[in-house]
Each structure stands twice: as structure tokens, then as C-alpha cells.
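Okay, here's what each chain looks like letter by letter:
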Amino acid sequence: MNLHSLRRPLLAAAAAVAVGLGAVGCSAANDSSSGQQVTINWYVQPLNSTSIWQDLVAAFNKSHPNIKVNLTVGPTNVDTVRGTLSTELGSGSATPDVYEGDVTWPAQFAKAGLALDLTKEFPASFWNRFSPGAVKLAQYNGESYSVPSWTEAAFMYYRKDLLEQAGLPVPTTWEELVADAKKIQATGAVKDGYTWQGAGYEGLTCVYSELVADAGGSIVSGDYTKATLNTAAGTKALDFLKGTIASGVSPNATPTFQEPQSLNDFTAGNALFMRNWSYAWAITQDPSQSKVVGKVGMAPLPTFAGQPEPGASTNGGGGMFINPHSKYVKQDVEFLTWLTDTDAQSMFASVGKVLPANVQAQTPQAQQEVGPVGQVLAKLKIVGRPVGTPAYSQVSRAVFQNVNSALSGNASESQALSAADSQVASALGSQ
Amino acid sequence: MSRHANGASLLVDDGNQASTNSNGASLIGSGSGSAPRSGTLRRTARSRRRGVLLSSPALAVVALITVVPIAFSIYLSLCRVDAGADGFDYTFIGVGNYATALRSPTVWAALGFTALYTVISVSVEMLLGLGVALVIDRMTKGTGIVLGLLLVPWAMITVVSGQLWSYIFNGVYGLANYLLVVTHIVSAPVSFLSNPAGAFVALLVADSWKTVPFVALILFGGLRTIDRELYAAARLDGAGSGRILTHITIPLIRQSIITAVVFRVLQAFGIFDLPFVLTNGGPGHATQSIAMLTYNALFQDLNIGYGAAISCITTLVVIIFAVLFLRAFRVEDSVD
């Protein structure tokens, strides 16, 4: 997922430069100065404008005199990071020792030999601190390759002022959402009813996977042997998405929308509903960037009428991987054990304003600190993308390119789905 | 240079012949005629050896940074590459990656798009570039300022200008839409980038904005070498502007045109950054260039062998084009 690409790029870039320079400056001094102390290099992506990574490193270094963690904050674009890390790790570099990766990476990185099998490195009880779903997503062939660190998911944002004025409850089905949108659009209070991500990129795979799950289907079969897109569920999901554009509920330019475009539409006060990730909350409440401060509510995404509520939400968030060539695996493990324990995890909520992955740290207090995201997150029905195959990047491209073709009217729905289906099948078959 | 040297030695030979008449014929035939020439040859061979010796460090660097990586990527394209415990493992699999690539409809679609894009964008940019160059060539004042300004789009990093163009072509609040709406050309914003033709034109406009100045500068350099008296003479002979352009200007700047076309084709065929930023290959995969496929294979799918194969195919296509083009325009002849 391109979650990382959504975060505040300028601040992040500044932080990356500052921290990167700092890391270069100190690494040489420390390795030689004391025989006892071990330096491990930690590579993360910018999370948001908070100082969460720096604060975590300071806290760890203070409490662990024998291990020094050097932080490097990489670029915001998750695909750039994948390119950088795969080149570096693939050529056998011992650093970074620990790196943050996307939730879609474990299978691919495991198969490519870029991530250490963590199953034997941590005691079996270690994994109990996370939700079983999060642990499973970080596995490939039953072995764990990533330690969940913080949690992110897709939400429905809505204009609570407009719904209240119209006397409408928060919609729980897609049919209700469309009807509400049309009603309020007709009054002229908003131009657009529902804004979402329809551009040809990973975000569209997330959007589409959610709707296919709502319709009772999936992208691939559970055992990753067959593509299951060209089905009634796949068609229903695509019908719905196309329908929102055709009926004027969603803007014409939706097939070019990524998160920032939909967010701009929403914060400008032009849209009634928006699908977006939790990072967007803070921006909708920032008076310098938003015209809808105090008018926004968050809820789980709707589902299709007749299906159990709520609708599916794609999960995101970050996991930590260990470099298979790291010289200090013992220290890496110690660091990650600390990072996912309740103290450090509470910092993710209090400092980083994101929900921790450790379930014991997902306290009411933490939920309070994170804002409405924290309260709604527990109600979500998290549905993962088919990331259990090392060919996930190809599967996802087959989905988003063909769905985008259909959305922009360059292919019929049936052409798009049959093309996607055969491309997914060939990606699965190539592994 | 060598012609002058031979000429000089022949003159000396004549002198020799006059003074030593007895074996003159043999002198002319072989002796004095060939002696200095073979000396020249010896000197040439020696200086050539020294030249090779002196330039060999530079040649080695060039080999290291061009030939070695090229050879290595050809090798990669014939391998399956896996990362192992001690770095990459290479398993030789022959032409498997090429077979996969050539069977893939995605690769053919990308090749088709890239070829079409190259032909259209280079043609448009050459025409516009020639127009701009002719205008600057006629300017009597401010040429320096205009040349400097022309460099601005060319010097701007494509990722940055691509981002600017994506704001301009934005389907909701873009500048292009704003202008179209306030001038009542359209009633509602147009989503340029969500149909293939619109996306293609957007790419073409953004690319031309950047590269027309490049073409113009090269052609302007050629125009400056033309002797103005030729124009005056042609006018006296009654040639109109059109005839002057087709019969004097264009033939005389042929070298510049060839240079610009070759450069532009190489760049256009390898286009990556602009569609990456502006359209991300979309809508669907309508504007996915062959270089983007290479990027996807290498850095998203971590499929190094396959990515290298696509990249070798691209290079081969470009080399074939360059050779055919240079041959068609007889570049060797026109050097003389």
C-alpha cells in the first residue's frame, strides 16, 4: 500500500535529511569507541509530522547501554524504498539491521531472501501480543517474517453537520450512502457525494478488494492457486464503483484520484463522504488546510445491503523486518521485543498518533490519544489484500490497471475483469 | 593534414629527381617516393601506439562504466536471479526471460505505445524546434536572453515539471480546466488524464514544453553556420522563403537535424519519469512505456532477470533504429 506516500512529504524529507546526516555522523565513532556496545542500524519511513521515531530511539538508547540504535528515515514513497532496500539487502549488505516494511512485503521479501525468518528467533509466546490477523499477514509459508508495529486501516469519513441537518443516520450500506449523497447533492450543499481513490495504483487495489469482499468474493482463491475476479462478486464491485462516477455521486476525475486528491475535495467542503486512511483525520481538523474542521465524523466503511455489517476495511501499517545478513540478530531481536512491548507501543499512540499493534497497548487511553480513529478502529472488519503470494505486486497491478481501464471507460467491465483475471492467474502461475 | 605532408615531400622528390638524373626513374618509382612515406607510416604507427597508451586509462574507465555494466545486464537477462544468504545467486537459464517478455501482451502494448509516442513526439518537437530556431536566428536583439530562457524548461528536473503539469491537467482544480471553464469552451471540468487520448496529449504537451528548446538550441547552432550571402544570392535568383527553407536552410543544417533526431529518439524511447509522475502509465496501462515495465519488473516485482531482458530488448530496438536512421541519411558521406 502507498500509505507511506501519503504522509506529509516536506516535513518527512526534512526529517530524513537531518536524521540521515546524524546517522552518518555518529555511526563511525560508536563502533570503535567501546568494545561492549553494539550499534544496530534501523531504517524506517516517515510516519507523519510527529517525532515518534526519534523519541523511540532516544528512549531505547537510554535504557539499553549495550546497544545503540542508529536511525535512518528513508523517503516517503514505499516503492522507492522497496527498490532501495532490495538492491542493498540483495547484494549482501549487513545494514540496515532492522527495517520497516509495508504489509504487502513479507511473502515477496521472504521468497527473495531479503528478510530473516523470525519464527525461531522469537519465542512462540511473543506473537500473542498482536492480533492473530496481524500475525498471519506477516507470514509466508507458515513462518513469520515481520513484526507488526503499528496499525492503520481504511475508514469512511462523513460530514456530520450535513447528515444531521438532513436528518439522516450514518449510512451502513453502499446503497444508503449513494441515496444520501444524491439527496444532499440535490440541495446544493456539496458538489460531490462520495470521493475515493480510482487512479491506477495500489490504492485502487485496496478500494476494489474491499468491495469484492463486501460482495462476498475475493481476488484470489484462499490457496492462491486461482484468480477469482471474473465472478459475480467481482462484477458487483466494479458495477458499484463505475456507477458512483456515472451517476455523478463521485467526481468525473475519480479515475485519476489518489488519496491527496480525494482529501482535497473533502477538506475543501466539496464532498459528503470520503474513503481514506486514518492519517487524513488530523488534516481534516487542521484549520490551515481544511474548511470542515469540527464537521467531520469517522465510521467503518459500509457494505452491500443484505451483507453483515460493517463493510471490509483494508489494513495497513508498518512491520519491522530483520536483514538476513545482520551481524547482530540477537540485539535486533532485543530491540524489536522492546519496540513491541507496552511502553514503546503506548508511545505510538501518545506521540505518533497512530494505533499500536500490541493489543495490550490498544487501551481506552490510547484510543483517546489517537482521536476518533482509535474508537472506530476496534469496530472495523479488517480484510487483507492477497499478500500471501510473492507475486503480490503483479497481482495488484493486474487489478488496479484493469479496474482503472474500466472506470475510465477504456475497457468494458467484462473485458477488464477477464483481462485482470488472466493476468492475476499468470502472476500466480509464475511463482 | 597528411595530404599536405605528402604534397610537401613530393615537391622535395622533384628536386631530388632533377639533381640525380642517373637513376631518376627508380627514384620516382620507389626510392625517394616511398622512403619518406614509410617514415610517415612508422611515425604514425609509433604515435598511434603512444596515443593508445596515453588514452588507455581513460578508455579503461569508459569500459568500466559502460561496457562492463552493459555486458553484465546482458548476462543478467539470461539468468534467474535470486537473493541468497551471501548475496545474489545467478542461475543461467538461456533465453527464457526473452521468451516470456515476447509472449507478454503487456510488453507488446508498452512497445507499441513507446514507438508511437516516439514517432509523434519527435516529429512534433522537431517541427516546433525548427520554428523556434528560425525565429531566434532572425532576431537582431535579445538573442542571448531568449537562449537563456529557453534553457529553463530543459534544465528543470522532469519529476518536478511532471508534477507541475499534473496540477495543470488535474481534472478538478487544474489550471487547464480553469481556463477552459472561464472561457466557456467547456461547461464542466474535463478529466484529461482518464482517457488514453487525453493522457497521450498531456504527455506530449509536457514533453514538448521541455524538449522543444533543446531541439531549437541544436538547430540554432546549425543555422548560425550558414553563410548569410547564400540567402541573399538565393533571393537575387528569385527564390521565395519556402524554397530557401527547403533548398538552402534544411540541407545545410542536416547534421544538426540528425543530431537532434538521434538524441530525441533515444530519450523518447526510454521515456520514464514523465509518465511515471503524470499518468503512472494510466488510464489502465494506456501510457505505460517500456522503461516503466523495466522498473516494475526490477524494483516492484524484484524480478531482475526479466527486467534486464526487457531492458536489453529496448536497447536493441533503439540501436537498430539508430543504425538504420544514420544509414538512411548517409551520415558518413556528409562528414567529408
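Residues numbered from 1 in each chain as written. Chains lettered and ligands numbered in written order. Predicted model: local features only at pLDDT ≥ 70, side-chain atom pairs only at ≥ 80, totals over all residues. Heavy atoms only, no water.

Q: Report on the overall build of chain B, specifying residues and quantitative values.
A: Of regular secondary structure, chain B possesses 16 helices and 2 strands. Expressed as a percentage of its 336 residues, the buried residues of chain B come to 37%. Restricting the contact set of chain B to residue pairs at least 6 apart, pairs at least 24 apart contribute 63%. Total accessible area on chain B is roughly 18900 Å²; 69% of this is exposed by carbon and sulfur atoms. (Helix = DSSP H or I, 4+ residues; strand = E, 2+ residues; numbered from the N terminus. Buried < 20%, exposed > 50% of the residue type's maximum accessible area, 1.4 Å probe, protein only. Contact = heavy atoms within 4.5 Å. Areas by Shrake-Rupley, 256 points an atom, 1.4 Å probe, with all protein chains shown as cover.)

Q: Give me the lowdown on the environment of Val207 of chain A, citing residues and values where you can.
A: Residue and element names in this part refer to chain A. Along the chain, Val207 turns up in helix α9 (residues 202-214). Distance from Val207 to Leu241, taken between C-alpha atoms, is 9.2 Å for residues 34 residues apart in sequence. Not counting chain neighbours up to four residues away, the residues in contact with Val207 comprise Trp196, Gln197, Leu241 and Arg275.

Q: So what about the side chain of Thr294 of chain B? Which residues, and what values?
A: The topology assignment puts Thr294 of chain B in helix α14 (residues 290-300). When sequence neighbours within four positions are dropped, the list of residues in contact with Thr294 of chain B reads Gly307, Ile310 and Ser311 of chain B.

Q: Which residues make up the nonpolar core, and what values go with them?
A: Residue and element names in this part refer to chain A. Within the largest apolar cluster, 75 residues are counted, with the highest numbers of intra-cluster contacts made by Phe155, Tyr157, Tyr208, Phe273 and Val424. Broken down by element, the residue count for this core peaks at 7 residues, all from helix α17 (residues 392-407). Among the domains, domain 1 (3-145 + 315-382) and domain 2 (153-314 + 386-429) are the pair contributing at least three residues each to this core. Not counting residues up to four positions away in its chain, the partners in contact with Val424 are Val220, Ala227, Leu229, Val395, Ala398 and Val399. Within the second largest apolar cluster, 37 residues are counted, among which are Val135, Phe335, Leu336 and Leu339. (Core = buried A, V, L, I, M, F, W, Y, C linked by side-chain atoms within 4.5 Å. Domains from an automatic or database assignment.)

Q: Summarise the interface of chain B and chain A; cite the residues concerned and give the values.
A: Facing 26 residues of chain B, the contacting portion of chain A comprises 32 residues. Summing both partners gives a buried area of about 2300 Å² for chain B against chain A, and 49% of it is carried by carbon and sulfur. Applying the counting criterion to the chain B and chain A interface returns 1 salt bridge. With a shortest N-O distance of 2.7 Å, Arg397 of chain A and Asp301 of chain B are connected by a salt bridge. The interface formed by chain B and chain A contains 9 residue pairs in polar contact (both at pLDDT 80 or more). Looking at the side of chain B that touches chain A, the elements that each hand over two or more residues are β1 (79-84), β2 (87-92) and α14 of chain B. (Buried area = accessible area lost by both parts, 1.4 Å probe. Salt bridge = Lys/Arg side-chain N within 4 Å of Asp/Glu carboxyl O. Polar contact = N/O pair within 3.5 Å; in protein donor to acceptor, adjacent residues only side chain to side chain.)

Q: Just give me the short version of the pattern of salt bridges, but keep the residues and values in it.
A: A full pass over the atoms with the stated rule returns 11 salt bridges over all chains. Residue Glu210 of chain A pairs with Arg275 of chain A through a salt bridge whose shortest N-O separation is 2.8 Å. Within this pair, whereas Glu210 of chain A is found in helix α9, its partner Arg275 of chain A is found in strand β8 (residues 271-277), the two being separated by 65 residues in sequence. Here Glu210 of chain A matches Arg275 of chain A in class, with each residue buried. Here Arg224 of chain B and Asp137 of chain B are joined by a salt bridge, their closest N and O atoms 3.4 Å apart. Of this pair, Arg224 of chain B sits in helix α9 (residues 196-224) while Asp137 of chain B is found in helix α5 (residues 105-138), placing the two residues 87 residues apart along the sequence. The class for Arg224 of chain B is partly exposed, based on a relative accessible area of 44%.

Q: Let's hear about the packing of helix α3 (residues 52-63) of chain A against helix α14 (residues 342-350) of chain A: which residues, and what values?
A: Residues and elements named next belong to chain A. Relative to each other, α3 and α14 sit at 155°, their axes nearing to 10 Å. Judged by the angle between their axes, α3 and α14 are roughly antiparallel. Taken as a pair, α3 and α14 cross one another with a handedness that is right-handed. In contact with Ile52, Trp53, Asp55, Leu56 and Ala59 of α3, α14 contributes Ala344, Met347 and Phe348. Its residues placed into classes, the contact of α3 with α14 shows 7 nonpolar, no polar and 1 charged. (Axes fitted to C-alpha atoms, helices over the stretch in contact; angles between N-to-C directions. Parallel < 35°, antiparallel > 145°, perpendicular 65-115°, else oblique. Left-handed = near helix turned anticlockwise from the far one by under 90°. Nonpolar A, V, L, I, M, F, W, Y, C, P; charged D, E, K, R; others polar.)

Q: So what about the packing of α9 of chain A against α17 of chain A? Which residues, and what values?
A: Residues and elements named next belong to chain A. The contact between α9 and α17 brings their axes to 8 Å, and the two run at 80°. Taken together, the axes of α9 and α17 are roughly perpendicular relative to one another. Residues Glu202, Leu204, Thr205 and Tyr208 of α9 form the contact with α17, whose own contacting residues are Tyr392, Ser396, Val399, Phe400, Val403, Asn404 and Leu407. Of the residues in the contact of α9 with α17, the class split is 7 nonpolar, 3 polar and 1 charged.

Q: How would you summarise the confidence of the model for chain B if you had to cite specific residues and measurements?
A: For chain B, per-residue confidence averages 83 on the pLDDT scale, and residues scoring 70 or more make up 84% of the total. In the model, residues 1-36 of chain B has pLDDT below 50 throughout and makes 12 contacts with residues more than four positions away in sequence or in other chains. (pLDDT = per-residue confidence, 0-100.)

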